[in-house]
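Take a look at the letters that make up each chain.
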Amino acid sequence: MTAPLSFDVHRPRALTEALDLLDEYGATARVIAGGTDLLPKLRNGRLSPEHLVSLGRVGELDGIEETGDGALVIGAATRLFDVQRHPLVRKRLPALHHACSVMATVQIRNMGTVAGNLANGSPCADTSAPLLVYGATLEVARRDGHREIPVGAFHKGPGSVDLASGELIVAIRVPPVPAGSGSAYQRISARSRVDMAAAGVAGLVTLDGDGRVAEARIGLSAVSPTPTRCPEAESLLTGQVPDAPLLERAAREAAEEAKPIDDVRATAAYRRHVVFVMANRVLTTCVARASAGAGGGTP
Amino acid sequence: MSTPPIIGARIPQLGAREKVTGQAVYTDDMKLPGMLYGAILRSPHAHARIKRIDTSKARALPGVKDVVTGDDTLKVAYGNWRLVPDIQDEYVLAVDKVRYVGDEVAAVCALDADTARRACELIEVEYEVLPAVFSVEEALAEGAPTIRAEKPGNLSLTREIEYGGVDEAFTRAEYVREDTFRVPTVSHAYLEPCSALAAPDEGGRVTLWTSTQTPYIVQVLLAKTLGLPENHVRVIKPQVGGGFGGKMELRTWEFCAAFMALRTGRPVKFTLTRADELAYGRRRHAMVLRSKIGLTRDGVILAKDLDVLLDSGGYNAMGATATFLVGNFGAMLYRIPAYRYLGRYVYTNNPPASAMRGFGAPQALFAGECQLNMVAEELGIDPIELRIRNAMQAGDSVPGVATARTCGFREALEKVRDASGWVEKRARKRPGKGIGVAGCSFISGGVFNWFDTKYHFTSCEVRVFEDGTAHLLTMASDIGQGSDTVLRQILAAELGIDIHKIRLTAGDTAVTPKADLGTWGSRVTLMAGNAVLDAARKIKEMLAGVLFMEYDLNQIHDVAFAGDRVFVRAKPKRGMDFGECVYKALRGRRGEPLTAFGYYTPRDKGLVTPAFSFGAQVIEVEVDEDTGVVSVEQVHTAHDSGVPINTMAVEGQLEGSIHMGLGYALSEELITVEGRVRNATFLDYRIPAAEDMPPSASYEIVTRDPEGPYGAKEAGEGLVSPTAPAIAEAIWDAVGVRSDTLPITPQRVLEGLGKL
Ligand SMILES: Cc1cc2nc3c(=O)[nH]c(=O)nc-3n(C[C@H](O)[C@H](O)[C@H](O)COP(=O)(O)OP(=O)(O)OC[C@H]3O[C@@H](n4cnc5c(N)ncnc54)[C@H](O)[C@@H]3O)c2cc1C
């Protein structure tokens, strides 16, 4: 049922101003970035805040910067489209680049943000699995403080994240990808090209000088209550030569580690199966990219 | 006489600019002074007896102006099938019982929409919940609960067709197969959810603006349910954002808007949400189709036996027509000398199904065309060749039903075969790639007078003026398909004037001539087009006399109308501007305006339609064998819609049909568990997006139908049918999986491949 839409919109121009507003209005306020998740929830009455604090005019939150140590810091108000087309994202973070190219629609990508994608708390969030394997952290600020949360600890359950009222995600910090790594992301929306993913798999494989796996990371979305890593599958790979049979075994293990459910988008059995298929494909691409010495290119 | 160039032209819809710039006015855009907002209370139960309704708390809520329940109404059963009153089983608000989740129980109007909704929540209804049934099989089982007292056993209707000695013919068949197909219920998903606004009018009359395909039907049934003379009710159709069959009956919110406007003396508006539409709105029938076919070894069809169970949901709606048409379409496309059909329309406690684009054809042809493709495989005959061997031809009749006076089916098959590179692609297998075919046919308007109208099936009035312009008044309803443009093209062609000089007034029951049965059954171009021809020819008679007087013409001369001029055909210089001719005629009539009525009623045209369209479609797909995802890569369509009046409009229909067919084939289904729709949002109910649309090539097979205006037949619905069976065949060609169930989801593909 449609709820009455009645709230005040605040459009601060500085981060400090935004934090003051969030502090003042506490639990009655909500941050709005692109609004692509928030507006449907306001319309169908699942959220009814009294104040919206818009990030649209906070210039300092918009943009991607490289820090001295080679990390990329994605401002919370940066549009998905700007993330996708950024040359360093394309080169170093192909999994994130791919997620931002295929999720949603052109119109949504021109409005939505990575921070909003994560803060919305959906286990299907397309940027979550890539950011998991890249070991990203969220920089969170409030009026009187600041903290950092690893992406892996941010999601608490479907629709629930580690953010208190008064807090704001300022940026997403992606540390430099180790030398000799390759990464990739695949997602499947089984019913239409424009659809929430039924499953998403991200991978990052780092090879040592002998061509063995120094480190492997596999991230899953849409197949468990929160985006999740696959420790068993990852340890299967570590120290091994990543030949096709091994990658397939690891992909099977990853599928075992998924905890999918049946819903109107897909059955659990289907989801588990495609986690295997996509993990196999993703890992194969990761290894190829790592061997080619380049992290880059689209999958 | 050659066809005027405006026939067959590519003309963007007149009024398209207003639509894309947001100027066009749809019902929900309208606000009247003092307007109240309506809300509907719906049943939470699939089957229950209403024991008590207490509206006192709702009435007491500040801002609430009226609350109505079934007890406030006349309690007359109504429905579109006036010809058979027993089929009319619906009430504007529930009387004693509710029969599906969403059945309308009460309505409120208030100063604002939120108050109206809150008031609905304050209405207390005491239900005695009854056992319910959710599938046709359960509903027909021994001891099933009775949904409507008049129909114990829940079998609402049956329809039988039989000719040609079916049993004997099967004994002669060298090859027989029998298959069962299941198709789901899907939504029209029109862009504009239903909306209705009513205002009281002087003398106890009422005006209703409503998003409808059928203003005349709404007028008549509204008058009946309000207990008013028909002429007290004026129904106006503003711009309508699609209907596809879902807006062709009187609906509760239309009644409630009018009823409460009369009770409160204030305008009242109701607008449904998308969630209402998906959860409770009309939908396409789910069916179980058992089809048996017998052929000779070299692929000549001898007999077909089709047994269909249709899921009605809680009320009949347009079900009687659906039950008949599935049987009709089961016999179309091919020469089937012996045919038997049994259609059973079964009440369940699901939301009621009704008319939807293709009306019986998508289901019948999914079964029939898939089965024929299986036959082709087993007999080792190319599926297109098998179709050509059996294809109907011009002059063929479906016994007792109809005759196809024109038929371009064979040409359509040959065209898509050659244009798609079919022969080579079928022969040279590429991993994961496949190509499939299916045919289609549809009616160009219905002949059967189920509404029992006493008027002509369609009527119009044409007025011409001395400034060279004309005014076309018609009750025919453009709901987005472009008939307002096509009818003006026909008038422009006849009168020989610029189309932009024609003003149009449409779909207003107090102003446009009685009657027109509405937009359904792909009837408007043929029927309303013929009425326009009729009126235009009468006007031309009035004008021709002017030339005979002016030039003292010999009786043998003919008068031509073209280029905004009226002239002697054999001596084009002898003539005058159209406006001048009207002026002179007007003088001669001593001021009596030049106006003429035109009518069309199909007479002696069998039981179904005056003309059938035909078509064939070839579709290429790629299937990912690991994920089961099907990508449609190319569509080739050849279509016999007679002479297309507006080729751009025909293309638009084709593209829209592919879009709908794609969803029907691969992704759409209202997932309904115990009568409750689980995916009542566009996030979860998957219609294809623009990015899913495949490239498509289309070819017109032009036949000149003797009944249609300028030879035109239908283009609105036939093409919605071949896409699903063609995709099913292409998937089989690609990966060897046959699906007898829609939609063919990745899950079903993987199950077929034994991977799940
Ligand atoms: C048609 C459609 C298709 C979609 N398809 C996809 C898809 O394929 N994949 C996918 O993952 N998502 C999809 N989405 C969801 C949505 O577009 C994305 O999640 C998007 O990234 C959200 O970003 P936003 O800036 O619009 O968030 P908003 O709607 O502005 O905010 C979302 C939530 O995050 C909070 N929030 C936003 N920014 C901050 C911040 N800086 N600090 C703290 N809290 C914050 C808001 O308060 C709100 O609760 C789709 C949405 C639509 C409408």
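Look up a bit, the structure's there.
Procedures and definitions
Residues numbered from 1 in each chain as written. Chains lettered and ligands numbered in written order. Predicted model: local features only at pLDDT ≥ 70, side-chain atom pairs only at ≥ 80, totals over all residues. Heavy atoms only, no water. Helix = DSSP H or I, 4+ residues; strand = E, 2+ residues; numbered from the N terminus. Contact = heavy atoms within 4.5 Å. Near = heavy atom within 4 Å. Polar contact = N/O pair within 3.5 Å; in protein donor to acceptor, adjacent residues only side chain to side chain. Areas by Shrake-Rupley, 256 points an atom, 1.4 Å probe, with all protein chains shown as cover. Pairing = 2+ DSSP bridges. Axes fitted to C-alpha atoms, helices over the stretch in contact; angles between N-to-C directions. Parallel < 35°, antiparallel > 145°, perpendicular 65-115°, else oblique. Left-handed = near helix turned anticlockwise from the far one by under 90°.

A. Expanded view of the environment of Ala9(B). Residues and elements named next belong to chain B. Looking at the secondary structure, you find Ala9 in the segment before α1 (16–20). Residues Ala9 and Gly34, spaced 25 residues apart in sequence, show a C-alpha to C-alpha distance of 46 Å. Once residues lying within four places of it in the same chain are set aside, the contact partners of Ala9 are Gln489, Ile645, Asn646, Thr647 and Met648.

B. Looking closely at the site of the ligand. Residues and elements named next belong to chain A. Around the ligand sit 31 residues, and of these Val31, Thr36, Asp37, Thr113 and Asp126 come closest. Contact between the ligand and Val31: an oxygen atom at 2.5 Å from a main-chain N or O atom of the residue. Note that an oxygen atom of the ligand is positioned 2.7 Å from one of the backbone N or O atoms of Gly35. Here the ligand has 980 Å² of accessible area as a free molecule, and 90% of this is covered by the chains.

C. Spotlight on the sheet that holds strand β26 (residues 612–623) of chain B. Residue and element names in this part refer to chain B. The strand order across the open sheet built from four strands is β18-β26-β27-β30, with neighbouring strands paired in mixed fashion. In this open sheet, the two strands that pair with only one neighbour each are β18 (433–443) and β30 (696–700). Neighbouring strand axes in the sheet, compared pairwise and without regard to direction, differ in orientation by 15° on average. Direction of pairing for strand β27 (residues 630–640) relative to β30: parallel, over a ladder of five bridges. Bridging from a neighbouring strand, Val635 pairs with Ser696 of β30. Set on the sheet, helix α11 (residues 383–390) makes contact with β18 and β26; between it and β18 the angle comes to about 20°.

D. Just the sheet that holds strand β9 (residues 195–201) of chain B, in detail. Residues and elements named next belong to chain B. Read across the sheet, seven strands follow the order β3-β5-β1-β12-β9-β10-β11 without closing on themselves; strand pairing throughout is mixed. Looking along the sheet, the strands with just one partner apiece sit at the ends: β3 (64–69) and β11 (233–236). Within this sheet the neighbouring strands show an average axis-to-axis angle of 20°, counted without direction. Against the sheet, helix α3 (residues 113–122) touches β1 (36–42), β3 and β5 (104–110), its axis set at about 25° to β1. Contacts between helix α6 (residues 215–226) and the sheet are confined to β10 (205–210) and β11, with β11 contributing the most and set at about 150° to the helix.

E. Inspection of the packing of α11(B) against helix α12 (residues 409–420) of chain B at higher detail. Residues and elements named next belong to chain B. Between α11 and α12, the shortest axis-to-axis distance is 9 Å and the interhelical angle comes to 165°. Between α11 and α12, the angle is such that the two are roughly antiparallel. The handedness of the crossing between α11 and α12 is left-handed. Contacts between α11 and α12 pair Ile384, Arg387 and Ile388 from the former with Arg410, Leu413, Glu414 and Arg417 from the latter.

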